[in-house]
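The residues making up each chain are set out below.
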Amino acid sequence: MEKAYIHYFSGTGNTRRAANIINEGLSHYGYNVTLVDMSIQIPNLETAPLHVIMFPVYGFGAPSLVLKYVRRLKVVQEGRAAIIAVGGTTGELSGFEGQALNQVKSHLERAGLTVGFTDLVTYPENWTQFFNSPDVPTTKNICQRADQSVADFTEKIALGHISLRHKNHLLRTLSVPIFWAYHTSADVFSVNYT
Ligand SMILES: Cc1cc2nc3c(=O)[nH]c(=O)nc-3n(C[C@H](O)[C@H](O)[C@H](O)COP(=O)(O)O)c2cc1C
């Protein structure tokens, strides 16, 4: 049985929900999966050919906690990686990942992993500083749509299909200052590993 790690962080449960779907899907494809909550610890990784990194988007980037985690990730064997960013919506629109996928991808590549899959999935919005949460029926619809996307991702990841999310350079560039404003002031999202 091939081993796979799912490294996830979830502020309010959406990413955890998606991680459980990937867990079930990869197990169905015969992987021996270990779920690792990034907010708890960096594990001593055993040899594993597949790493899936999952996290919510905060201010058009990856949360500080996630960036710290992937920077310190020690991979003991070359392998492949998949990155899933989890955005938010109040209705039909897709979330926007800004810098998030790029940031994490470059850290993983530096750690020696080959990143073959990157994508965004959009669950209910929790950025309540700016948006009201969707009502219950809308939340249900968003979750159903997102769960289906995550199930589709699982198949591509398990079968090793190369699929990298299309880049919108203009929007990503515009999102840089907002990401840095969040990143530098958002200690609330960070964990210090000692
Ligand atoms: C401070 C903050 C910033 C956010 N920024 C973004 C963003 O830039 N793009 C996006 O699509 N969603 C953004 N969101 C929404 C969350 O990423 C989204 O609701 C996600 O599904 C939450 O996942 P979780 O429940 O695993 O934490 C933001 C949420 C918060 C709290």
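This one's a predicted model, so the numbers in the text were calculated from it and none came from an experiment.

A.B. asks: Can you help me understand the sheet that holds strand β5 (residues 113-124) in this one?
C.D. replies: Pairing between the strands of a sheet comes from backbone hydrogen bonds, and it takes one of two forms, parallel or antiparallel. Spatially, the six strands line up as an open sheet ordered β2-β1-β3-β4-β5-β6, and their pairing is parallel. Strands at the two margins of the open sheet, each flanked by one partner only, are β2 (32-37) and β6 (163-164). Bridging between strand β1 (residues 3-8) and strand β3 (residues 50-56) involves five bridges; their strand directions are parallel. Across the sheet, the residue bridging to Ile6 is Val52, located in β3. Where helix α3 (residues 100-110) meets the sheet, it contacts β3, β4 (79-89) and β5, and its direction lies at approximately 155° from that of β5.

A.B. asks: Just checking my understanding: could you explain the site of the ligand for this structure?
C.D. replies: Within the structure, the ligand sits among 21 residues, and Gly11, Thr15, Gly87, Gly88 and Gly95 are positioned closest to it. Elements with a contribution of two residues or more to the shell around the ligand: α1 (14-28) and β4. When residues of the shell around the ligand are assigned to their parent elements, the largest contribution, three residues, is made by β4. Split by residue class, the shell around the ligand holds eight nonpolar, twelve polar and one charged.

A.B. asks: What is the right way to look at the pairing of β5 in this model?
C.D. replies: One face of the sheet, then the other: side chains in a regular strand alternate in exactly this way. Most of β5 is tucked away, with nine of its twelve residues classed as buried. Alignment of β4 against β5, held across eleven bridges, turns out to be parallel. Among the inter-strand pairings, Gly87 is bridged to a residue of β5, identified as Thr122. You can see the chain leave β4, run along α3 and come back into β5, and the turn it takes is right-handed. Handedness of the β5-helix α4 (residues 136-159)-β6 crossover: left-handed.

Analysis parameters
- Residues numbered from 1 in each chain as written.
- Predicted model: local features only at pLDDT ≥ 70, side-chain atom pairs only at ≥ 80, totals over all residues.
- Pairing = 2+ DSSP bridges.
- Helix = DSSP H or I, 4+ residues; strand = E, 2+ residues; numbered from the N terminus.
- Contact = placed C-beta atoms within 7 Å.
- Axes fitted to C-alpha atoms, helices over the stretch in contact; angles between N-to-C directions.
- Near = placed C-beta within 6 Å.
- Nonpolar A, V, L, I, M, F, W, Y, C, P; charged D, E, K, R; others polar.
- Buried ≥ 20, exposed ≤ 12 C-beta atoms within 10 Å, placed from the backbone.
- Right-handed = clockwise from strand over helix to strand, strands pointing away.

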